[in-house]
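What follows is each chain in one-letter form.
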Amino acid sequence: MRELPRQLSAGELAELFEGRTRFVELLAEQEDPLQHTPEVIAALTGEEKRAVLDAHPAIGQTKGLSARSAAEQGTDVDPEVLAELARLNAEYEARHGFRFVVFVNRRPKAEILEVLKVRIGNPTEVELETALGELVAIATDRWRRG
C-alpha cells in the first residue's frame, strides 16, 4: 500500500475521482490533497458537489467505464441484479438529484443492492455527504492500490 501523496496534479486526481471537476481543480492546489478533501468539499456549492458525484459511473454500469471502475465493479453480471441496480439507481437519482456512489470494496453487486435500498430513504442532505465520503474512500483506495 502506498502512502498518501504530498501533491497530485489535476490529471492524476481526475483519474482517482473519475472526472475533472472544480473539486479536482481545488484539490490539485493543495499539498496532501487527499487529506484536505473535507475542507475542499465544504467550500463547494451544492451544484458542484452534485457534479463531482455525477462524474462517477453508476454502480452496475457496464459500458463506458474506466479500467479502474470496471475492475472495481467486478464481473458479477447476473442480469436480474443488474436490472434491479438500474431500477434503484434511477429511483435514487430521481429522489436525490445526483448519482448513487458507494465504495464497493470488492463486495458483490447483490450486497450493494441492499446498501442502495437503505440509502434511497436517507434525507438528501445526509445522502449527499454520505456519497461524497464514499467517493473520497474510493479515490483514497485507488491511490493506495496504485
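Scroll up a little and you will see the structure.
Residues numbered from 1 in each chain as written. Predicted model: local features only at pLDDT ≥ 70, side-chain atom pairs only at ≥ 80, totals over all residues. Heavy atoms only, no water.

In terms of helices and strands, the protein carries 8 helices and 0 strands. Going residue by residue from the N terminus, the α and β elements of the protein occur as α-α-α-α-α-α-α-α. Residue burial in the protein is summarised as follows: out of 146 residues, 45% are buried. Sequence-distant contacts in the protein: of pairs separated by 6 or more residues, those separated by 24 or more amount to 67%. For the protein, the accessible surface area stands at approximately 7500 Å², while carbon and sulfur atoms represent 52% of it. (Helix = DSSP H or I, 4+ residues; strand = E, 2+ residues; numbered from the N terminus. Buried < 20%, exposed > 50% of the residue type's maximum accessible area, 1.4 Å probe, protein only. Contact = heavy atoms within 4.5 Å. Areas by Shrake-Rupley, 256 points an atom, 1.4 Å probe, with all protein chains shown as cover.)

What follows covers the nonpolar core. Membership of the largest hydrophobic core comes to 41 residues, with the highest contact counts inside it found for Leu13, Leu16, Phe17, Phe23 and Leu53. When residues of this core are traced back to their parent elements, those giving at least two are α1 (10-17), α2 (22-28), α3 (37-43), α4 (46-54), α6 (79-96), α7 (109-120) and α8 (124-145). Looking at this core element by element, the count peaks at 8 residues for α8. With residues near it in sequence (within four places) discarded, Phe17 still touches Phe23, Val24, Leu27, Leu34, Thr37, Leu135, Val136, Ala139 and Arg142. (Core = buried A, V, L, I, M, F, W, Y, C linked by side-chain atoms within 4.5 Å.)

Our focus in this paragraph is the packing of aromatic side chains. Summed over the entire model, instances satisfying the criterion amount to 3 aromatic pairs. Ring plane angle 85 degrees and centroid distance 5.9 Å describe the contact between Tyr92 and Phe98, whose orientation is recorded as edge-to-face. Just as Tyr92 is buried, Phe98 falls in that class too. Centroid distance Tyr92 to Phe100: 5.2 Å. Interplanar angle 75 degrees. Geometry classified as edge-to-face. (Phe/Tyr/Trp six-rings, centres within 6.5 Å; stacked < 30°, edge-to-face > 60°.)

All right, on to α6 then. For α6, with 18 residues, the first-to-last C-alpha span of 25 Å sits near the 26 Å given by 1.5 Å per residue. Listed in full, the buried residues belonging to α6 are Val81, Leu82, Leu85, Leu88, Asn89, Tyr92 and His96. Axial view of α6: buried residues confined to an arc of 130 degrees, hence all on one face. In α6, the exposed positions angled more than 90 degrees off the buried face are occupied by Pro79, Glu80 and Ala94. Looking at the packing, one finds that the buried side of α6 touches α4, α7 and α8. By the N-cap criterion, in which a side-chain oxygen at the helix start approaches the backbone nitrogen of a residue two or three places on, α6 is capped by Asp78, the distance to Glu80 being 2.8 Å. Where α6 ends, the next residue or the one after it, Gly97, has phi of about 85 degrees, a positive value. (Expected span 1.5 Å × (residues − 1). Arc of directions from axis to C-beta. Polar contact = N/O pair within 3.5 Å; in protein donor to acceptor, adjacent residues only side chain to side chain.)

Time to look at the pattern of salt bridges. Oppositely charged side chains are able to pair whenever their charged atoms sit close together. Counted by the stated rule, this structure contains 11 salt bridges. A salt bridge links Glu93 to Arg99; the shortest N-O distance between them is 3.6 Å. For Glu93, a relative accessible area of 30% translates into the label partly exposed. You can call Arg99 buried: its relative accessible area is 19%. Note that Arg119 and Glu127 form a salt bridge whose closest N and O atoms lie 2.5 Å from each other. (Salt bridge = Lys/Arg side-chain N within 4 Å of Asp/Glu carboxyl O.)

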